[in-house]
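So you can see what is in the structure, the chains are spelled out below.
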Amino acid sequence: KFGEFSMCQQIFETVQSEDTQTYRREIALWNALIGVYGRSGDMKRVKELYEMLMQIGLTPNYATYVLLLNACKHSKDVLQAQRIWMQECEESVKFDAQVLRAYIDVLTQNGALKQAIEVLTRTSTSRALRVDDIGNMWISVLNACAP
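Cut-off values and rules
Residues numbered from 1 in each chain as written. Predicted model: local features only at pLDDT ≥ 70, side-chain atom pairs only at ≥ 80, totals over all residues. Heavy atoms only, no water. Salt bridge = Lys/Arg side-chain N within 4 Å of Asp/Glu carboxyl O. Buried < 20%, exposed > 50% of the residue type's maximum accessible area, 1.4 Å probe, protein only. Helix = DSSP H or I, 4+ residues; strand = E, 2+ residues; numbered from the N terminus. Expected span 1.5 Å × (residues − 1). Arc of directions from axis to C-beta. Axes fitted to C-alpha atoms, helices over the stretch in contact; angles between N-to-C directions. Parallel < 35°, antiparallel > 145°, perpendicular 65-115°, else oblique. Left-handed = near helix turned anticlockwise from the far one by under 90°. Contact = heavy atoms within 4.5 Å. Nonpolar A, V, L, I, M, F, W, Y, C, P; charged D, E, K, R; others polar.

**Student:** Please give an account of the pattern of salt bridges that cites residues and values.
**Tutor:** According to the stated counting rule, one finds 6 salt bridges in the structure shown. We note a salt bridge from Asp 133 to Arg 130, for which the minimum N-O separation is 4.0 Å. Owing to a relative accessible area of 16%, Asp 133 belongs among the buried residues under this scheme.

**Student:** Please set out helix 4 (residues 43–55) residue by residue, giving values where relevant.
**Tutor:** With 13 residues, helix 4 ought to run about 18 Å at 1.5 Å a step, and its terminal C-alpha atoms sit 18 Å apart, in line with that. Listed in full, the buried residues belonging to helix 4 are Met 43, Arg 45, Val 46, Leu 49, Tyr 50 and Leu 53. The arc that holds every buried residue of helix 4, seen down its axis, measures 165°, which confines them to one face. Those residues of helix 4 that are exposed and aimed more than 90 degrees away from the buried face are Lys 44 and Gln 55. Where helix 4 ends, the next residue or the one after it, Gly 57, has phi of about 95°, a positive value.

**Student:** Which residues make up unusual backbone geometry, and what values do they have?
**Tutor:** Positioned with a positive phi, Lys 76 is a non-glycine residue whose angle comes to about 60°. Here Lys 76 is to be found in the loop between helix 5 (62–75) and helix 6 (78–88).

**Student:** Break down the packing of helix 6 against helix 8 (residues 97–109) for me, with residues and values.
**Tutor:** Look at helix 6 against helix 8: their axes get within 9 Å of each other, and the N-to-C directions meet at 155°. On the basis of the axis angle, helix 6 is roughly antiparallel to helix 8. As helix 6 packs across helix 8, the resulting crossing turns out to be left-handed. Where helix 6 abuts helix 8, its residues Val 78, Ala 81, Gln 82 and Trp 85 lie against Val 99, Leu 100, Tyr 103, Val 106 and Leu 107. When its residues are assigned to classes, the contact of helix 6 with helix 8 shows 8 nonpolar, 1 polar and no charged.

Structural data, given as structure tokens:
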């Protein structure tokens, strides 16, 4: 919140060295640090953390993908978001309302409005999503049209 990346990194490294079980098992720890770097748009560090968690055998969860996609939004990296969506997310994760909303947000806020509409149209007719969730995603699309 206050730009103390070094403090966040230090806490993470302390857990890594002093509590290896937490480091190797708690995806929430990894998600927290991915979120810190993602909000600042540091896609390089976000990718490094994601690769590290995969290397030690952790399984990303829904929150991990939301944070990865939010990092893409903050860094304006639509191509990376598309890669994550198409290659990294399993089908069950890809169409979770929160993950889908994060993907739609990346697209709409970074000039890929047509693609966002295509994804949302295709998804809203073929997936069982709550009406509220679909409505919120359409709000993101329509907000992108506003000056």
